[in-house]
Amino acid sequence: TFDMGITVPFCPESRLSGIGRHFEEGAPLWYRRRFLLPEGFRRERVLLHIGAADQIAEVFVNGQHLCRHEGGYASFSVDITEALAEENELVIRCTDDLHDQAFPYGKQVMNRGGMWYTPVSGIWQTVWLESVPGTYIENLNIENPGASVTISTVPPLEGTVSVEQLGQFPLEHGQVTIAPENPHFWCPDDPYLYRFTVETAQDKVESYFAIRSLEIKKVGGYPRLCLNGKPYFFHGLLDQGYWSDGLMTAPCDEAFVYDINLAKGLGFNMLRKHIKIESLRWYYHCDRLGMIVWQDMVSGGSTYHMPWVCYMPTLFPHMSAHTKDNHYELFSRSSEEGRKSWEQ
């Protein structure tokens, strides 16, 4: 029985969802939305995109089970074309259990306090539909080796890449390398972005890239972290990404922009994104506004063991580096098993 309404993409625990409470751990959350496709929207295929749903999401369209996705922080999509009718019903079933140690869940706990935060369940990033041709650009890989950029499509396709500032380049077997004669490097003080369009026989997408390098070089006899070949002081903040009204979901893009500009105005050039993977729009705003991002791996929550995860690598980094296999093995075990592994 669907007897409540919720504003997506806000989790039910948030005020912006319109609910503002946490449901029993492990209990399924069922979302339903009826929809008609707008006139002229549908091409050959229709994709459903879900930015993130914590932790397990199952998708049904018109009663057909189409996919199951595990992991509360990664986006996913599913082709719903074959299940579509004139009038449609989308149902998404989410289950979330903070006691399930198979999944990372950041700083979510039942009893918040100190460094631990309110639980987040169900859908917490945008759900949207996209219509694409039969053969479409599923993904772009953009690599930045030095002063050039390599763009490749998945699947490998033929076509052209038009860079706004540089002109047109042939896309052959899904790949093109662009090496500007005088590259305009990206940095926080000058966040220069190259805008480009990839066009194939059937599809067309727009994106951007930056030219920048990050490496450790010896300068003055000491190893330095260098941006674009020069020593750079990374002066940053820990960005937890929790909001008073939306919890892990920002109320709007303007909130992202405000936070990034506020950090820049205070003299910071870097944000360490902590305990979550943010909406992809946040990373875009960081790129265009000039903010370096250090991305954490989402932690395993309140049961991780501080001595093995934090203290040992800090106190004995050389041991971690030289015993890489044991290092990873150690952190994936319980405290007692970890202690034995460390002693061995």
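Scroll up to find the structure.
All figures in this text were calculated on a predicted structure; none of them were measured in a lab.

Residue placement: His285 occurs in helix α2 (residues 280-289). A polar side-chain atom of His285 sits 3.0 Å from a polar atom in the side chain of Arg288. Excluding its chain neighbours within four sequence positions, the residues that come into contact with His285 are Asp253, Phe256, Val257 and Ile260.

Running from amino to carboxyl end, helix α1 (residues 253-265) crosses α2 at an angle of 40°, the nearest separation of the two axes being 10 Å. Here α1 lies oblique to α2, going by the angle between them. Seen along the crossing, α1 lies across α2 with a hand that is right-handed. Of the residues in α2, those touching α1 at Asp253, Phe256, Val257, Ile260, Asn261 and Lys264 are Arg281, Trp282, His285, Cys286, Arg288 and Leu289. Considering only residue class, the contact of α1 with α2 consists of six nonpolar, two polar and four charged.

In spatial order, the strands read β1-β7-β4-β5; together these four strands make up an open sheet with antiparallel pairing. Where the open sheet ends on each side, the last strands, each with one partner, are β1 (29-35) and β5 (64-70). Taken pair by pair, the neighbouring strands of this sheet meet at an average axis angle of 15°, ignoring direction. With six bridges connecting them, strand β4 (residues 56-61) and β5 associate as antiparallel partners. Following the sheet pairing, Val59 is matched in β5 by Cys67.

This part is about the nonpolar core. Among the nonpolar cores identified, the biggest contains 20 residues, and Val59, Ile92 and Cys94 are the most heavily contacted of them. Contributions of two or more residues to this core are made by β1, β2 (45-50), β4, β6 (76-79) and β7 (88-95). Those residues in contact with Ile92 that sit more than four places away from it in its chain are Leu29, Trp30, Tyr31, Ile50, Ala57, Glu58, Val59 and Ile123. In this structure, Ile151, Leu157, Val198 and Ile211 belong to the second largest nonpolar core, which totals 15 residues.

What counts and what doesn't
- Residues numbered from 1 in each chain as written.
- Predicted model: local features only at pLDDT ≥ 70, side-chain atom pairs only at ≥ 80, totals over all residues.
- Heavy atoms only, no water.
- Helix = DSSP H or I, 4+ residues; strand = E, 2+ residues; numbered from the N terminus.
- Polar contact = N/O pair within 3.5 Å; in protein donor to acceptor, adjacent residues only side chain to side chain.
- Contact = heavy atoms within 4.5 Å.
- Axes fitted to C-alpha atoms, helices over the stretch in contact; angles between N-to-C directions.
- Parallel < 35°, antiparallel > 145°, perpendicular 65-115°, else oblique.
- Left-handed = near helix turned anticlockwise from the far one by under 90°.
- Nonpolar A, V, L, I, M, F, W, Y, C, P; charged D, E, K, R; others polar.
- Pairing = 2+ DSSP bridges.
- Core = buried A, V, L, I, M, F, W, Y, C linked by side-chain atoms within 4.5 Å.
- Buried < 20%, exposed > 50% of the residue type's maximum accessible area, 1.4 Å probe, protein only.

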